[in-house]
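Tertiary structure, described
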Amino acid sequence: KQEVTQIPAALSVPEGENLVLNCSFTDSAIYNLQWFRQDPGKGLTSLLLIQSSQREQTSGRLNASLDKSSGRSTLYIAASQPGDSATYLCAVRRSYGNNRLAFGKGNQVVVIP
Amino acid sequence: EPEVTQTPSHQVTQMGQEVILRCVPISNHLYFYWYRQILGQKVEFLVSFYNNEISEKSEIFDDQFSVERPDGSNFTLKIRSTKLEDSAMYFCASRAQLENEQFFGPGTRLTVL
């Protein structure tokens, strides 16, 4: 069974600092990995998706890397802003025929103005 | 921008009652999902649906649960006899045929009293 862990569970950073959020998964045989943002009491907003054949994906200030062999992904958020305060979830999909996403518990981020 | 919508946003019910949670996936998507998130816990996969049938379900998705696509736009999750432990946020998601990204709705908060 795929287990997804996110460290740290919570962190606070001053505005302008870069954020580094870590995700690890126990089964490296994944099809893709997706990062989401979740605001309190709200739904999940997809940020980035990395296919298993890719090493990284970028969107604006966000960069996600994937090291499949070691079972790790990192989400970098450059020059953090108070609006980046949210919980960031990592989710992996095991194989092409297997649709389900296995989620981590999230990294809860507070950016201090 | 197209989005997944869900109704109601909050449902309160008595234990033992039936509830139906409704979702309108993105219009050209063909894969549909239900996930749930118990307060403070990980998002968990319940079921995936494609071509008018369940393609995959988790251990959570027992005989109390059913899904249906009653028309060309709606996708529903029915819980026949709710239990206290069914209290959670329920998320609907959808995916296009040749894409890998799952898009989530805002969720329905189900409270079972």
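Preceding this section is the structure that the text describes.
Description of the structure in this document.

Scoring rules and cut-offs
- Residues numbered from 1 in each chain as written.
- Chains lettered and ligands numbered in written order.
- Predicted model: local features only at pLDDT ≥ 70, side-chain atom pairs only at ≥ 80, totals over all residues.
- Heavy atoms only, no water.
- Phe/Tyr/Trp six-rings, centres within 6.5 Å; stacked < 30°, edge-to-face > 60°.
- Helix = DSSP H or I, 4+ residues; strand = E, 2+ residues; numbered from the N terminus.
- Buried < 20%, exposed > 50% of the residue type's maximum accessible area, 1.4 Å probe, protein only.
- Contact = heavy atoms within 4.5 Å.
- Buried area = accessible area lost by both parts, 1.4 Å probe.
- Salt bridge = Lys/Arg side-chain N within 4 Å of Asp/Glu carboxyl O.
- Polar contact = N/O pair within 3.5 Å; in protein donor to acceptor, adjacent residues only side chain to side chain.
- Pairing = 2+ DSSP bridges.
- Axes fitted to C-alpha atoms, helices over the stretch in contact; angles between N-to-C directions.
- Disulfide = S-S within 2.5 Å.
- Core = buried A, V, L, I, M, F, W, Y, C linked by side-chain atoms within 4.5 Å.

Next up on the list: the packing of aromatic side chains. The geometry of an aromatic ring pair comes down to the distance between the two centres and the angle between the two planes. For the coordinates displayed, the defined rule picks out 13 aromatic pairs over all chains. Look at F36 of chain A and F104 of chain B: their rings are 5.1 Å apart centre to centre, the planes differ by 80°, and that puts the pair in the edge-to-face class. Here F104 of chain B lies in strand β10 (residues 103–104) and F36 of chain A lies in strand β4 (residues 32–38), a pairing that spans two chains. Across the pair, F104 of chain B and F36 of chain A agree in class, each one buried. When the centroid spacing of 5.9 Å and the interplanar angle of 25° are considered together, the rings of W34 of chain B and F75 of chain B count as stacked.

Opposite the 24 residues of chain A that make contact, chain B presents 24 residues. Interface area for chain A against chain B, summed over the two sides, is near 1,800 Å², with a carbon-plus-sulfur share of 45%. Contact with chain B buries area across many residues of chain A, yet N99, R100 and F103 of chain A alone supply 34% of it, more than any other trio. Counting across the chain A and chain B interface gives three salt bridges. Counting across the chain A and chain B interface gives eleven residue pairs in polar contact (both at pLDDT 80 or more). For the side of chain A that touches chain B, the secondary structure elements donating two or more residues are β4, β5 (44–51), β9 (86–95) and β10 (98–103) of chain A.

Residue and element names in this part refer to chain A. Reading across from one edge, β1-β3-β8-β7-β6 is the order of the five strands in this open sheet, with antiparallel pairing throughout. Each end of this open sheet is capped by a strand with a single partner; those strands are β1 (4–7) and β6 (56–59). For this sheet the average axis-to-axis angle between neighbouring strands, irrespective of direction, equals 15°.

Time to look at the pairing of strand β8 (residues 72–77) of chain A. All names here are of chain A. Pairing of strand β3 (residues 19–25) with β8, which is carried by six bridges, proceeds in the antiparallel orientation. The residue bridging L21 from the neighbouring strand is L75, located in β8. Bridging between strand β7 (residues 62–67) and β8 involves six bridges; their strand directions are antiparallel. Looking at β8, one finds that D67 is bridged to R72. The hairpin formed by β7 and β8 contains four residues between the paired strands, and G71 there has a positive phi angle of roughly 70°.

A word on the state of the cysteines. Under the defined criterion, the tally for this structure stands at two disulfides over all chains. Sulfur-sulfur distance for the disulfide between C23 of chain A and C90 of chain A comes to 2.0 Å. The disulfide joining C23 of chain A to C90 of chain A has a torsion of about -55° about its S-S bond and is therefore left-handed. Of this pair, C23 of chain A sits in strand β3 while C90 of chain A sits in strand β9; the two residues are 67 residues apart in sequence, bridging distant segments of the chain. Considered together, C23 of chain A and C90 of chain A belong to a single accessibility category, that of buried residues. Each sulfur of the disulfide joining C23 of chain B and C92 of chain B lies 1.9 Å from the other. The sign of the -65° torsion about the S-S bond sets the C23 of chain B-C92 of chain B disulfide as left-handed. With C23 of chain B in strand β3 (residues 19–24) and C92 of chain B in strand β9 (residues 88–95), this residue pair connects regions lying 69 residues apart in the sequence. Overall, the relative accessible area of 1% leaves C23 of chain B in the buried class.

By size, the foremost hydrophobic cluster in this structure holds 24 residues, and its most contacted members are L33, W35, L75 and Y88 of chain A. Listed by contribution, the elements that provide at least two residues to this core are β2 (10–14), β3, β4, β5, β7, β8, β9 and β11 (107–112) of chain A. Ignoring anything within four residues of it in the chain, the contact list for L75 of chain A reads L19, V20, L21, W35, L47, L48, L62, N63, A64 and Y88 of chain A. With 22 residues, the next largest nonpolar core counts L21, L46, I60 and F65 of chain B among its residues.

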